[in-house]
Amino acid sequence: GAGVSQSPSNKVTEKGKDVELRCDPISGHTALYWYRQSLGQGLEFLIYFQGNSAPDKSGLPSDRFSAERTGGSVSTLTIQRTQQEDSAVYLCASSLARISSYEQYFGPGTRLTVT
Amino acid sequence: GQSLEQPSEVTAVEGAIVQINCTYQTSGFYGLSWYQQHDGGAPTFLSYNALDGLEETGRFSSFLSRSDSYGYLLLQELQMKDSASYFCALSPMTTDSWGKLQFGAGTQVVVTP
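Residues numbered from 1 in each chain as written. Chains lettered and ligands numbered in written order. Predicted model: local features only at pLDDT ≥ 70, side-chain atom pairs only at ≥ 80, totals over all residues. Heavy atoms only, no water.

Scanning chain A for helices and strands turns up zero helices and ten strands. Listed by position from the N terminus, the elements making up chain A come as β-β-β-β-β-β-β-β-β-β. In summary, chain A has a C-alpha radius of gyration of 13 Å against a globular reference of 13 Å for 115 residues, a match within 12%. Based on the C-alpha atoms only, the size of chain A along its principal axes is roughly 40 × 25 × 25 Å. For chain A, contacts bridging at least 24 residues in sequence account for 57% of all contacts bridging at least 6. (Helix = DSSP H or I, 4+ residues; strand = E, 2+ residues; numbered from the N terminus. Rg over C-alpha atoms; globule rule 2.2 N^0.38 Å. Contact = heavy atoms within 4.5 Å.)

In structure tokens form, the structure reads like this:
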């Protein structure tokens, strides 16, 4: 079946502009995660959605970052007034449920470059 | 809270065996996962240890010892395609962290001919 998809695959934007990154999780997966990965670094947790529960936003680095998940499926990560330090690969992942969060399926990522 | 430590890089020749250690400090967790990530690619799930002991999946095995706060990923019969980064990840047991994964910084495995 289809895996996790993300769009766009690459995004170049000017400092100060807003960007929206999209994630389509695997159908039927109730848990959805956003991570950020800088070059050669590990995965930095950003936000986590589980079903209809309030999202866990504890990893968002500033109030310029927000995310929503509509209809329990597609998610959008929005970065307002982008800064150069926001340049990274943004990865989305989904898992069947919270109890199976140990096995996450990742999308190919969106490479964001802020100039 | 929790933290995980892994070596930054390991180099080995084709056909060899490599062990990637992951030590952790945590107040409680459900299990330890391992992920593989090739350059420019997405992380992919390799294995999960909920209980102490060895889990074997083909050429890869993973081990967990809760009493020693330690786990490892064993890569046998190394192939060039195994050159990648490998991440260990904990599933925290705390109420505010359940459902999230805490990732280590990753180990770059370099396989040489």
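With that settled, the discussion passes to the overall build of chain B. In terms of helices and strands, chain B carries zero helices and eleven strands. Along chain B, helices and strands appear, N-terminal first, in the series β-β-β-β-β-β-β-β-β-β-β. Over its C-alpha trace chain B gives a radius of gyration of 14 Å, about what one expects of a compact globule, namely 13 Å for 113 residues. Here chain B, with 113 residues, has 49% of them falling under the buried criterion. Contacts spanning at least 24 positions in sequence make up 57% of the contacts within chain B whose residues lie at least 6 apart. Of the roughly 5,200 Å² of accessible surface on chain B, a fraction of 50% belongs to carbon and sulfur atoms. Positive and negative side-chain charges in chain B, numbering 4 and 11 respectively, have mean positions lying 7 Å apart. (Buried < 20%, exposed > 50% of the residue type's maximum accessible area, 1.4 Å probe, protein only. Areas by Shrake-Rupley, 256 points an atom, 1.4 Å probe, with all protein chains shown as cover. Lys, Arg positive; Asp, Glu negative; His and termini not counted. Charge placed at Lys NZ, Arg CZ, Asp CG, Glu CD.)

This paragraph deals with the sheet that holds strand S7 (residues 75–79) of chain A. Residue and element names in this part refer to chain A. Strand order in this open sheet of four strands is S1-S3-S7-S6, and the pairing throughout is antiparallel. The two strands at the open ends of the sheet, each matched to only one other strand, are strand S1 (5–7) and strand S6 (65–69). Neighbour to neighbour, the strand axes of the sheet diverge by 15 degrees on average, direction disregarded. Bridge analysis of S6 against S7 gives five bridges, and the strand direction is antiparallel. Residue pairing in the sheet places Glu68 in a bridge with Thr76 of S7. (Pairing = 2+ DSSP bridges. Axes fitted to C-alpha atoms, helices over the stretch in contact; angles between N-to-C directions.)

Another aspect to go through is the state of the cysteines. Each disulfide consists of one covalent bond between the sulfur atoms belonging to two cysteines. Residues and elements named next belong to chain B. Inspection of every chain in the model, using the stated rule, returns two disulfides over all chains. Across a sulfur-sulfur distance of 2.1 Å, Cys22 and Cys88 are joined as a disulfide pair. Across the disulfide from Cys22 to Cys88, rotation about the S-S bond amounts to roughly 75 degrees, and the bridge is consequently right-handed. Within this pair, whereas Cys22 is found in strand S3 (residues 18–25), its partner Cys88 is found in strand S9 (residues 84–92), the two being separated by 66 residues in sequence. A residue is classified by how much of its surface remains accessible, and Cys88, at 0% relative accessible area, is buried. (Disulfide = S-S within 2.5 Å.)

Ranked by size, the top nonpolar core spans 22 residues in total, and within it B:Leu4, B:Ile20, B:Leu32, B:Trp34, B:Leu73, B:Leu75 and B:Tyr86 carry the most contacts. At the level of elements, strand S2 (9–13), S3, strand S4 (29–37), strand S7 (60–65), strand S8 (70–75), S9 and strand S11 (107–112) of chain B are the ones that each hand at least two residues to this core. Look past the residues within four positions of B:Leu4 in its chain and what remains in contact with it is B:Cys22, B:Thr23, B:Tyr24, B:Leu32, B:Cys88, B:Ala89, B:Leu90, B:Gln102, B:Phe103 and B:Gly104. Of all hydrophobic cores here, the second largest spans 20 residues; its members include A:Trp34, A:Leu60, A:Tyr90 and A:Val114. (Core = buried A, V, L, I, M, F, W, Y, C linked by side-chain atoms within 4.5 Å.)

Across the boundary between the two partners, chain B contributes 17 residues, which contact 20 residues of chain A. The contact between chain B and chain A buries some 1,600 Å² in all, and 61% of this surface belongs to carbon and sulfur atoms. Of the charged contacts in the structure, one is a salt bridge between A:Asp56 and B:Lys100, with a shortest N-O distance of 3.1 Å. Here chain B is connected to chain A by six residue pairs in polar contact (both at pLDDT 80 or more). (Buried area = accessible area lost by both parts, 1.4 Å probe. Salt bridge = Lys/Arg side-chain N within 4 Å of Asp/Glu carboxyl O. Polar contact = N/O pair within 3.5 Å; in protein donor to acceptor, adjacent residues only side chain to side chain.)

Per the counting criterion, the structure on display carries five salt bridges over all chains. A salt bridge links A:Asp24 to A:Arg22; the nearest nitrogen and oxygen atoms lie 2.9 Å apart.

Residue and element names in this part refer to chain B. Inspection of the secondary structure puts Gly58 in the loop between strand S6 (53–57) and S7. Accessibility expressed as a relative area gives 69% for Gly58, which makes it exposed. Expressed as a C-alpha distance, the spacing of Gly58 and Gly40, which sit 18 residues apart in the sequence, is 25 Å.

A word on the layout of surface pockets. Considered as a void within the structure, the largest pocket measures approximately 580 Å³ in volume. Along its surface, the largest pocket is lined by 31 residues, and A:Gln37, A:Ser38, A:Leu39, A:Gly40 and B:Gln37 are the ones closest to its centre. The greatest single-element share of the lining of the largest pocket, amounting to four residues, is contributed by strand S10 (residues 110–114) of chain A. (1 Å grid on protein atoms, 1.4 Å probe; cavity = no way out; pocket = protein on both sides within 12 Å on 5 of 7 lines; lining within 4 Å. Points joined across faces, edges and corners; volume = space filled by probe spheres on them.)

So yeah, pure geometry; function would need other evidence.
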